[in-house]
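Fold and contact review
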Amino acid sequence: MKTKITEMLGIEHPIIQGGMHYVGFAELAAAVSNAGGLGIITGLTQKTPADLANEIARCKDMTDKPIGVNVTFLPIVNTPDYPAIIKAIIKGGVKVVETAGNNPSKVLPYLKDAGIKVIHKCTSVRHALKAQSIGCDAASIDGFECGGHPGEDDVPNMILLPRAADVLEIPFISSGGQADGRSLVASLAMGAEGMNMGTRFIATKEAPVHENVKQAIVNASELDTRLVMRSLRNTERVMNNTAVEKLLEKEKQLGDKLTFDDIIDEVAGVYPRIMMEGDMDAGAWSCGMVAGLINDIPTVQELIDRIMLEANEIITDRLSGLIDRDKS
Ligand SMILES: Cc1cc2nc3c(=O)[nH]c(=O)nc-3n(C[C@H](O)[C@H](O)[C@H](O)COP(=O)(O)O)c2cc1C
């Protein structure tokens, strides 16, 4: 399939794997890129810029196709060394950077000078317009249903994507709630040039996370995620578990008085225990409502092939068959 995004990024299929903390390692990114999509390494999961440089090199040993790196700007206690991270990305020969969390204007000139395409992930149309105005090449429009941080506006993709299509000049991809060929065709119909998936890619053979995480996604329905940290204006959609229930109870009791310190046990440093050790109640971990559409653990190649086949069938058989040619 050819879209503005496949052309811009030099990839075969308009499918991108979003940055995911403690999931987006070289193995997954390479598998997605080898299957014709764009795989993305999560920059901040690597402890140092030197580790990130190694991870990029490891990924490039596994694929000759374009790969990306996610750079997230979030309120974290110890600010990462962003200039050194950007240097590692440029030196590593990475073709695409997914920025998220905050305006990437400080790093943009360096990335653009190096010929790197920048896709900024936004949860609102106003943020997408801002990304366009500062020179981002594309936007990733992350709807309210997404796993991770959906922002504070709570607008789902059924509204957000056509709104983005009405005002944006740069190409954009859908993100949040995407799982299959139906998602891709719907995204294209609403003006997107491709789709970004997070949760769906965790439940694949190559995702380098504990089997318990994959099974939790397969077992979950669309009702099993919760929104946490609302009162801190740092809302995150996570999989429900006993730690999340405890966290929500604290939020209920403390209301607007809640501080980050009150919930530190449930949210800080829990990812390695969940993703590596499979301790599913260790804390809050990002997961999308799309878990309700995920029922298997295919290889990345099987998943992407299946999506493209289904999308082609929907477009060529089902949709074109709906048109009453006598009347049109
Ligand atoms: C476990 C997990 C970790 C994530 N970590 C990050 C991250 O570090 N940076 C980021 O920009 N997005 C992160 N995301 C968001 C994804 O990149 C993507 O935008 C989101 O998963 C899309 O929604 P979906 O899960 O419904 O596909 C994470 C998502 C998940 C599920």
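Each remark here, short or long, concerns the structure printed above.
In this report, we go over the structure that sits alongside the text. (Residues numbered from 1 in each chain as written. Predicted model: local features only at pLDDT ≥ 70, side-chain atom pairs only at ≥ 80, totals over all residues. Heavy atoms only, no water.)

1. Quick word on the overall build of the protein
Quick reminder of the rule: By definition, any uninterrupted DSSP run of H or I lasting at least four residues is a helix, any uninterrupted run of E lasting at least two residues is a strand, and each is numbered from the N terminus. Buried means the residue's accessible area, taken with a 1.4 Å probe over protein chains only, is under 20% of the maximum for its type, while exposed means over 50%, and partly exposed covers the values in between. Whether two residues touch is decided by their heavy atoms; if any such pair falls within 4.5 Å, the residues are in contact. A residue counts as positive if it is Lys or Arg and as negative if it is Asp or Glu; His and the chain ends are not included. A charged residue contributes its charge at one atom only: NZ of Lys, CZ of Arg, CG of Asp or CD of Glu.
On a plain count of helices and strands, the protein comes out with 14 helices and 10 strands. Each principal axis of the C-alpha distribution contributes one length, and for the protein these read about 65 × 45 × 35 Å. Out of the 328 residues belonging to the protein, those deemed buried represent 53%. Considering only residue pairs separated by 6 or more positions, the protein has 62% of its internal contacts joining residues 24 or more positions apart. If the 33 positive side-chain charges of the protein are averaged to one point and the 44 negative ones to another, these points end up 4 Å apart.

2. Quick word on the pattern of salt bridges
Note the cut-off: Should a side-chain nitrogen of Lys or Arg be within 4 Å of a carboxyl oxygen of Asp or Glu, the pair is scored as a salt bridge.
This model, assessed by the stated rule, comprises 15 salt bridges. Where aspartate 180 meets arginine 182, a salt bridge forms, and the shortest distance between an N and an O atom there is 2.8 Å. Under the relative-accessibility criterion, arginine 182 is labelled partly exposed at 48%. Of the charged contacts in the structure, one is a salt bridge between aspartate 296 and arginine 306, with a shortest N-O distance of 2.7 Å. Taken together, the residues aspartate 296 in the loop between helix H13 (271-276) and helix H14 (300-322) and arginine 306 in helix H14 connect sequence positions 10 residues apart. A residue is classified by how much of its surface remains accessible, and aspartate 296, at 27% relative accessible area, is partly exposed. Shared partners join several salt bridges into a network, and the residues in it are Glu27, Glu55 and Arg58.

3. Describing unusual backbone geometry
Here tyrosine 22, not a glycine, exhibits a phi torsion of approximately 60°, which is positive. Within the secondary structure, tyrosine 22 sits in the loop between strand E1 (15-17) and helix H2 (26-34). The buried category is assigned to tyrosine 22, whose relative accessible area is 13%. Even without being a glycine, arginine 233 presents a positive backbone phi close to 55°. Note on placement: arginine 233 falls in the loop between strand E9 (225-228) and strand E10 (236-239). Judged by relative accessible area, which is 64%, arginine 233 ranks as exposed.

4. Some points on the site of the ligand
The test is simple: Residues are counted as near a molecule or strand when any one of their heavy atoms sits within 4 Å of it. Pairs of N or O atoms are called polar contacts if they sit within 3.5 Å, as long as, within protein, a hydrogen donor faces a hydrogen acceptor (for residues adjacent in sequence, only side-chain-to-side-chain pairs). Surface accessibility in these figures is a Shrake-Rupley result with a 1.4 Å probe; residues are shielded only by whichever protein chains are displayed. Residues are grouped as follows: Ala, Val, Leu, Ile, Met, Phe, Trp, Tyr, Cys and Pro are nonpolar; Asp, Glu, Lys and Arg are charged; every other residue, Gly included, is polar.
Around the ligand there are 23 residues in total, and Gly19, Lys121, Gly177, Gly198 and Thr199 lie nearest to it. Between asparagine 70 and the ligand, the recorded distance is 3.0 Å, taken from a side-chain N or O atom to an oxygen atom. Out of a free accessible area of 610 Å², the ligand has 93% covered by protein chains. Of all the elements in the fold, those that place two or more residues in the shell around the ligand are strand E3 (67-72), strand E8 (195-197) and helix H9 (199-202). Its residues assigned to classes, the shell around the ligand comprises 7 nonpolar, 14 polar and 2 charged.

5. So, the pairing of strand E6 (residues 138-142)
Using the following cut-off: Seen with its strands pointing away from the viewer, a crossover is right-handed when the path leading from the first strand over the helix to the second is clockwise. Note on pairing: DSSP must find at least two bridges between two strands before they are called paired.
With 5 of its 5 residues buried, E6 lies for the most part within the structure. Of the two faces of E6, both are covered, the one formed by Ala138, Ser140 and Asp142 as well as the one formed by Ala139 and Ile141. As a crossover connection, the stretch from strand E5 (residues 117-122) through helix H6 (residues 125-134) into E6 is right-handed. The sheet contact formed by E6 and strand E7 (residues 172-175) spans 4 bridges and is parallel. Each bridged residue has a counterpart across the sheet, and for isoleucine 141 the counterpart in E7 is serine 174. This β-α-β element, E6 to helix H7 (residues 157-167) to E7, shows right-handed connectivity.

6. Quick look at the side chain of lysine 121
Positionally, lysine 121 belongs in strand E5. Judged by relative accessible area, which is 17%, lysine 121 ranks as buried. Within the structure, the side chain of lysine 121 is placed 3.3 Å from the side chain of glutamate 98, a separation counted as a polar contact.

7. Some thoughts on the packing of H2 against helix H3 (residues 49-62)
Quick reminder of the rule: For every element, the axis is a line fit to its C-alpha atoms; helices are fit only across the contacting stretch, and the angle between N-to-C directions ranges from 0 to 180 degrees. What makes a crossing left-handed is the near helix being turned counterclockwise from the far one by less than a right angle; a clockwise turn instead makes it right-handed.
For the pair H2 and H3, the least separation of the axes is 9 Å and the interaxial angle reads 35°. As for the relative orientation of H2 and H3, their crossing is right-handed in sense. For the pair H2 and H3, the contacting residues are Ala26, Glu27, Ala29, Ala30 and Asn34 in the first and Glu55, Arg58, Cys59 and Met62 in the second.

8. Re the packing of aromatic side chains
What characterises a pair of aromatic rings is the spacing of the ring centres plus the angle enclosed by the ring planes. What counts is decided by this rule: Each Phe, Tyr or Trp ring (for Trp, its six-membered ring) is paired with any other whose centre lies within 6.5 Å, and the angle between the two planes then decides the class: stacked below 30 degrees, edge-to-face above 60, tilted in between. Geometrically, a lysine NZ or arginine CZ counts as sitting over a ring once it is within 6 Å of the ring centre and also within 35 degrees of the ring normal.
In this structure the tally under the stated criterion is 2 aromatic pairs. Where tyrosine 22 meets phenylalanine 25, the ring centres are 6.1 Å apart and the plane angle is 70°; that geometry is what we call edge-to-face. Against the face of phenylalanine 144 rests arginine 237, its NZ or CZ located 4.9 Å from the ring centre.

9. A few points about H7
Heads up, the rule is: Summarising the geometry, the arc corresponds to the directions from the helix axis toward the C-beta atoms.
Within the span of H7, buried status applies to Asn157, Leu160, Leu161 and Ala164. Take H7 and look down its axis: the buried residues cluster within an arc of 95°, on one side only. The exposed set on the far side of H7, more than 90 degrees from its buried face, consists of Met158 and Asp166. The secondary structure elements touched by the buried residues of H7 are H6, E6 and E7.

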